[in-house]
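Each chain, written out:
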Amino acid sequence: MIRFALFLALVATSALAEGPRVIASLSQNAVAITTDFSGSEIFVYGAIERQRAINYSDANLGVIITVFGPSSPVTVRKKDRVFGIWANAESAVIDSAPSFYALASTGPLVDILSDASNSRANVTVDNSIHIAAGPRGIADPDVYREAVIRLNRDRGVYFDMIGEVEMVGKTLFQTHISLPANLVEGNYTARIFLTKDGEVIDDFQTGIRVRKVGLERWIYNLAHENSLIYGLLSILVALMAGWGASEMFRLLRR
Amino acid sequence: MQIYLPIAEQSVNAFLLLGLGGGVGVLSGLFGVGGGFLMTPLLIFIGIPPAVAVATEANQIVASSFSGVLAHLRRRTVDIKMGLVLMAGGGVGSVLGVQVFKLLRELGQVELLVSLCYVVFLGVVGGLMFIESVNALRKTRKGVVVRRKKHQHGWIHGLPLKMRFRQSNLYISAIPPFLIGLCVGILAAIMGVGGGFIMVPAMIYLLGMPTAVVVGTSLFQIIFVTGLTTILHATQNQTVDAALAVLLLLGGVVGAQIGAQLGVRIKGEQLRVLLAMLVLIVCIKLGYNLVATPTELFSLGERGGH
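Just so it is clear, the model here is predicted, and its values are computed rather than measured.

Caption draft 1: A look at the packing of aromatic side chains. All names here are of chain A. All told, the structure shown has five aromatic pairs over all chains when counted by the stated rule. Plain terms: the ring middles of F68 and Y101 are 5.6 Å apart, the flat faces sit at 15 degrees to each other, and that makes the pair stacked. One end of the pair, F68, is in strand β4 (residues 61–68); the other, Y101, is in strand β7 (residues 101–105), with 33 residues separating them in the sequence. Ring centres of F100 and Y188 lie 6.0 Å apart, and the angle between their planes is 45 degrees; on these two criteria the pair is classed as tilted.

Structure, rendered in structure tokens:
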């Protein structure tokens, strides 16, 4: 009886292990924002793990890597012409939109990711932007969703790197994802999806901590925790700089 | 050299900021304006969030005005008594202005009203000043000595609370300068400017102060109003970026000194024509932005949940 149970367990695990799995790692799991921070780069590398020899069925595998920043609500305003002047007329509050979204893949998404699989696994950015269907609902929420994506693409915080995940042989893959200079602090997530025939068959997730450090940290904390002292210090610095320049010029003219 | 701004949360070229600060600083020292009406739109243009631009600009104006006022104090071209009266009005005004700002923000129309304020005020002030100073220049060229009437007896002179302002050679009621200070204070808080571009013409044309004293006195009052605005923004919105302010003011204070030196060499009328042209250019640009069809109809508001 015990032998039979063991046999069943063995069959079960080998059945699970039969499909290819993905394992991956990042060059760094923490990004420090220092005073001279001008962007950073994350190297993502990994492997497709198989319990069998590579065969013809591996031809339709795909790897998609996404890196995204903390989400927060954001207001989107739409301008309209009022008495000849362009003014913000309509607005919508997007319940949550990521501050950063990068997507890299081994090939065109139409080839390696089905729509159903995409909405199930939330792979592309449009699945990460949520608009509540409230009572004061907007006539066309999709227009606003597209606007958020377009505006963030223009700012360089949403981008796609189609075909930029490089496969080394049939097992290893790697890519570089560059983080822009206007990076917002928070907990970032990297997800690696393995797809087969357009279906996500495995995924792997890991975090990246993005933190201000040193002087940046100190200024930010002071501004938020002791805002009155921060305000007074700012004025003191301003007055001293003004006085310093005035004295300096007086000496120069002598 | 890129530098990451801790409050604005982005990286900007440090030399660009120093240059902007310097350029606007020269204008500040030259005309007695804080330069905020140029700097705030410029900062927004290079990608600084508007809330941070407005608050940080107030802090920077403190530095450039202080640097400028010291130069004027040495030349004895500051009417301190007049400055104190304007200041009292300015203090009340900026507190009121912050309340108005809050209200507008809740209505979601703050950007539009700020732009409209800019266009209307810059247009009226710039236009009037341009016409007046061009006429004055023409007359001096013809050899006629222009002399402003020293004792214009209008309704202003019927008001109570008369005070003697020795530096300005004026004996007028304290109410008009107080009200000017008040209006400028409200505008300063709403528009994120020192308000010099409105106060300087108001002092010349409404109060009849001599041009020589106007610039120093205006700067004197601006220090106080922008200082108060900085504190209010720092405590209520946490939008003063110290790193941004330091870079801007390093350029700004040096520029203000150069401007004050230049100001000695240029005649009052010429100075006014230049300032009027500058004000009109900014006005036309902002007005055009309101009327022209934007390429992008949508805009992102501030992120919540910070």
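Caption draft 2: Broad picture of the interface of chain B and chain A. Counting residues at the interface gives 54 residues for chain B, matched by 62 residues for chain A. Together, the buried faces of chain B and chain A total about 4900 Å²; carbon and sulfur atoms form 63% of this surface. The interface formed by chain B and chain A includes one salt bridge. Two residues, B:R74 and A:E247, come together in a salt bridge whose shortest N-O distance is 3.6 Å. Linking chain B with chain A are six residue pairs in polar contact (both at pLDDT 80 or more). Where the side of chain B that touches chain A is concerned, the elements lending two or more residues are β1 (2–5), β2 (10–13), α3 (50–74), α5 (110–141), α8 (211–236), α9 (242–265), α10 (268–291) and β5 (298–303) of chain B.

Caption draft 3: Quick look at helix α1 (residues 14–31) of chain B. Residues and elements named next belong to chain B. In this model, α1 (18 residues) spans 26 Å end to end at C-alpha, consistent with the 26 Å of a helix rising 1.5 Å per residue. Listing the buried residues of α1 in full gives A14, L17, L20, G21, G22, V24, G25, L27, S28, G29, L30 and F31. Looking at where α1 begins, the residue whose side-chain oxygen comes 2.8 Å from the main-chain nitrogen of F15 is N13.

Caption draft 4: Region of interest: the packing of helix α6 (residues 227–253) of chain A against α3(B). Following both chains from N to C, one finds α6(A) and α3(B) inclined at 35 degrees, their axes separated by 8 Å at the closest point. Every pair of crossing elements has a handedness; the one defined by α6(A) and α3(B) is right-handed. Facing A:S234, A:I235, A:A238, A:L239, A:G242, A:W243, A:A245, A:S246, A:E247 and A:R250 of α6(A), the residues of α3(B) in contact are B:N59, B:V62, B:A63, B:F66, B:S67, B:L70, B:A71 and B:R74.

Caption draft 5: Spotlight on the side chain of B:H233. All names here are of chain B. The residue H233 is located in helix α8 in this model. Owing to a relative accessible area of 7%, H233 belongs among the buried residues under this scheme. Ignoring sequence-local partners within four residues, the contact set of H233 consists of V54, A55, A189, Q238, T239 and V240.

Caption draft 6: Structural context of the sheet that holds strand β12 (residues 199–212) of chain A. Residue and element names in this part refer to chain A. Reading across from one edge, β2-β12-β11-β4-β7-β8 is the order of the six strands in this open sheet, with mixed pairing throughout. Each end of this open sheet is capped by a strand with a single partner; those strands are β2 (30–33) and β8 (158–161). For this sheet, the mean inter-axis angle between neighbouring strands, taken without regard to orientation, is 15 degrees.

Caption draft 7: View of the confidence of the model for chain A. Put simply, chain A has an average pLDDT of 82, and 89% of its residues get 70 or more. Averaged over each element, pLDDT in chain A is lowest for helix α1 (residues 2–18) of chain A (53) and highest for β7(A) (91).

Caption draft 8: The packing of α1(B) against α9(B), seen in detail. All names here are of chain B. At a closest axis distance of 5 Å, the pairing of α1 and α9 adopts a crossing angle of 35 degrees. Regarding α1 and α9, the two cross each other, and that crossing is right-handed. Among the residues forming the contact of α1 with α9, the class breakdown is 13 nonpolar, 10 polar and no charged.

Caption draft 9: Representation of unusual backbone geometry within the structure. Positive phi, normally seen in glycine, also occurs at A:D197, with a value near 50 degrees. Along the chain, A:D197 falls in the loop between β11 (186–196) and β12. In this structure, B:R76 is a non-glycine residue whose phi angle is positive, near 55 degrees. The exposed category is assigned to B:R76, whose relative accessible area is 66%.

Caption draft 10: Here's a closer look at the pairing of strand β3 (residues 40–49) of chain A. Residues and elements named next belong to chain A. Where strand β1 (residues 21–26) lies against β3, six bridges are found, and the strand directions are antiparallel. Its bridge partner being in β3, I23 is matched across the sheet by A47. As judged from the eight bridges shared by β3 and strand β10 (residues 172–179), these two strands associate in the antiparallel manner. From the neighbouring strand, V44 faces β10, where its bridge partner is T175.

What counts and what doesn't
- Residues numbered from 1 in each chain as written.
- Chains lettered and ligands numbered in written order.
- Predicted model: local features only at pLDDT ≥ 70, side-chain atom pairs only at ≥ 80, totals over all residues.
- Heavy atoms only, no water.
- Phe/Tyr/Trp six-rings, centres within 6.5 Å; stacked < 30°, edge-to-face > 60°.
- Helix = DSSP H or I, 4+ residues; strand = E, 2+ residues; numbered from the N terminus.
- Contact = heavy atoms within 4.5 Å.
- Buried area = accessible area lost by both parts, 1.4 Å probe.
- Salt bridge = Lys/Arg side-chain N within 4 Å of Asp/Glu carboxyl O.
- Polar contact = N/O pair within 3.5 Å; in protein donor to acceptor, adjacent residues only side chain to side chain.
- Expected span 1.5 Å × (residues − 1).
- Buried < 20%, exposed > 50% of the residue type's maximum accessible area, 1.4 Å probe, protein only.
- Axes fitted to C-alpha atoms, helices over the stretch in contact; angles between N-to-C directions.
- Left-handed = near helix turned anticlockwise from the far one by under 90°.
- Pairing = 2+ DSSP bridges.
- pLDDT = per-residue confidence, 0-100.
- Nonpolar A, V, L, I, M, F, W, Y, C, P; charged D, E, K, R; others polar.

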